Protein chains: 4
Amino acid sequence: MRDLEELKARVRAFVAERDWERFHSPKNLAMALSVEAAELVELFQWLTEEESGALDGAARRRVAEELADVLWFLVRLSDRLDIDLLEAAELKLAENAKKYPAEKVRGQSKKYTDY
Amino acid sequence: MRDLEELKARVRAFVAERDWERFHSPKNLAMALSVEAAELVELFQWLTEEESGALDGAARRRVAEELADVLWFLVRLSDRLDIDLLEAAELKLAENAKKYPAEKVRGQSKKYTDY
Amino acid sequence: MRDLEELKARVRAFVAERDWERFHSPKNLAMALSVEAAELVELFQWLTEEESGALDGAARRRVAEELADVLWFLVRLSDRLDIDLLEAAELKLAENAKKYPAEKVRGQSKKYTDY
Amino acid sequence: MRDLEELKARVRAFVAERDWERFHSPKNLAMALSVEAAELVELFQWLTEEESGALDGAARRRVAEELADVLWFLVRLSDRLDIDLLEAAELKLAENAKKYPAEKVRGQSKKYTDY
């Protein structure tokens, strides 16, 4: 898999071959994405933070699968709405750089911030 | 932004400049990703499916921002665990092709399947 | 089961008998609650709104189970933090009555509100 | 507020006065519940487990509000589908007692279990 463009095209073909476009309203795709995100959370919910950073091979593979599922719906939803993910990420990085100036944020507690 | 590799590097630098690695256990990053996924769902929760496919410009920009936030944490978490997102997506596509054979799935209700 | 107080006491006993208090930090319980909420969403994600209001007996029983799981963690987390759920709900109703005055809200689109 | 029955009746009246039944398909209510669950998670995402168990008054009040929001949609959805929450919780407790026998579970890691 070369890049997000190739993934987008392959997901689109996968969906078309199964006649699944009719289920893929943006509303439904957003729900499905959040369900996959929760399956990721489930893998970590009873681990300590330290344990979550020292996964064995089997646990790491399960995490990779859930990350792939999230990416699947992220790419599918962005395709459905004709949104360029990398361009959106670029804008967001610029916005976050303004919102959280490094010199101001360093050393602060993150308790009440978003990132 | 060229590709996911560049995004990964830029997110990593963004985090390092703010000294935020100490908050970024995989457990915490998975939580944050799921919160961003819910912010995406929130934009669609009271829309009909039809309305969700006919967003105006302002709504589409808000969706793009939330997609970018999800991608941000997806890339950050995969970097933290040294997981290749595109490779994971490739494996998943192969697995799903076996799990949902096109000739069997076409025309079926999706009520009890995952994709 | 008479009421929330009895449920709280029985959940507390259930947890104590299994020596699970050590896993039940508020952080972990919040994660677990959100995972159960997503399992509820999963039951509805590919249904139309109309279908979601006309579930058969088996689907309704699965929904009831997921609602019970969410309630389980809601009660457990409120017990852990010594928060009175009904009192919190009372406060919230009063607050929402101010935030969404009936005479103003009636007939409006809900697109940009929370409830 | 005496009990869940009273809360159910008051939420129902609140919704009716605002003419919001038309937005309250089970599908939409499940989405809204999951969004509230994520707002709860957001309060804990950057806290350590220890910090999450030692909240100050202001943080505890914000948690109470989010718990109330989750309860609101839980009660509303169960009303919409005519599901008795306490009865569902009773069934679930019995089922979990079989699934996780205390004498077998005590002392085990919870890594791969659900509760």
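See the structure printed just above.
Below: a short report on this structure. In this text the structure is predicted, and so the values were computed from the model without any measurement. (Residues numbered from 1 in each chain as written. Chains lettered and ligands numbered in written order. Predicted model: local features only at pLDDT ≥ 70, side-chain atom pairs only at ≥ 80, totals over all residues. Heavy atoms only, no water.)

## A few points about helix H5 (residues 85-99) of chain C
- Taking 1.5 Å per residue, 15 residues should reach 21 Å; H5 of chain C reaches 21 Å between its end C-alpha atoms and fits that length.
- Three or more residues of H5 of chain C are buried, namely Leu85, Leu86, Ala88, Ala89, Lys92, Leu93 and Asn96 of chain C. Looking straight down H5 of chain C, one finds that the buried residues subtend no more than 145° of arc, so they occupy a single side. Across H5 of chain C from its buried face, at more than 90 degrees, point the exposed residues Glu87, Leu91 and Lys98 of chain C.
- Its buried side turned inward, H5 of chain C meets helix H1 (4-17) and helix H4 (57-80) of chain C together with helix H1 (4-17) and helix H4 (57-80) of chain D.
- Between a side-chain oxygen at the N-terminus of H5 of chain C and the backbone nitrogen of Leu86 of chain C the separation is 3.0 Å; the capping residue is Asp84 of chain C. (Helix = DSSP H or I, 4+ residues; strand = E, 2+ residues; numbered from the N terminus. Expected span 1.5 Å × (residues − 1). Buried < 20%, exposed > 50% of the residue type's maximum accessible area, 1.4 Å probe, protein only. Arc of directions from axis to C-beta. Contact = heavy atoms within 4.5 Å. Polar contact = N/O pair within 3.5 Å; in protein donor to acceptor, adjacent residues only side chain to side chain.)

## Quick look at the pattern of salt bridges
All names here are of chain C.
- Here the structure, examined in full by the defined rule, presents 44 salt bridges over all chains.
- The partner of Glu5 in a salt bridge is Lys8, with the nearest N and O atoms 3.5 Å apart. Of the two residues, Glu5 and Lys8 both sit in helix H1, three residues apart, roughly one turn of that helix.
- Using a relative accessible area of 48% as the deciding quantity, one classes Glu5 as partly exposed.
- For the salt bridge of Glu17 with Arg18, the shortest nitrogen-to-oxygen distance reads 3.4 Å.
- We classify Glu17 as partly exposed; its relative accessible area is 43%.
- Looking at Arg18, the relative accessible area reads 3%, which means it is buried. (Salt bridge = Lys/Arg side-chain N within 4 Å of Asp/Glu carboxyl O.)

## Here we look at the interface of chain B and chain A
- Listed per partner, the contact involves 73 residues of chain B and 73 residues of chain A.
- Both sides together, the interface formed by chain B and chain A hides about 6500 Å², and carbon and sulfur atoms give 68% of it.
- Between the two partners, chain B and chain A, sit six salt bridges.
- With a shortest N-O distance of 3.3 Å, Glu65 of chain A and Lys92 of chain B are connected by a salt bridge.
- For the interface between chain B and chain A, the tally reads 31 residue pairs in polar contact (both at pLDDT 80 or more).
- Considering every element that reaches the side of chain B that touches chain A, the biggest residue donor is helix H4 (residues 57-80) of chain B, with 15 residues.
- Here the residues of the side of chain B that touches chain A are counted per class, giving 40 nonpolar, 12 polar and 21 charged. (Buried area = accessible area lost by both parts, 1.4 Å probe. Nonpolar A, V, L, I, M, F, W, Y, C, P; charged D, E, K, R; others polar.)

## Quick notes on the packing of aromatic side chains
- Counted under the stated rule, the structure contains 20 aromatic pairs over all chains.
- Here the aromatic rings of Trp46 of chain A and Phe73 of chain C are separated by 6.3 Å at their centres, their planes lie at 40°, and the arrangement is tilted. Taken together, the residues Trp46 of chain A in the loop between helix H2 (26-44) and helix H3 (49-52) and Phe73 of chain C in helix H4 connect one chain to another. Side by side, Trp46 of chain A and Phe73 of chain C carry an identical accessibility label, which is buried.
- Considering the side-chain rings of Trp72 of chain B and Phe73 of chain B, the 5.1 Å spacing of their centres and the 65° angle between planes classify their relative orientation as edge-to-face.
- We classify Trp72 of chain B as buried; its relative accessible area is 2%.
- Judged by its relative accessible area of 0%, Phe73 of chain B is buried.
- Lying across the ring of Phe14 of chain C, Arg18 of chain C places its NZ or CZ 3.6 Å from the centre. (Phe/Tyr/Trp six-rings, centres within 6.5 Å; stacked < 30°, edge-to-face > 60°. Lys NZ or Arg CZ within 6 Å of the ring centre and 35° of its normal.)

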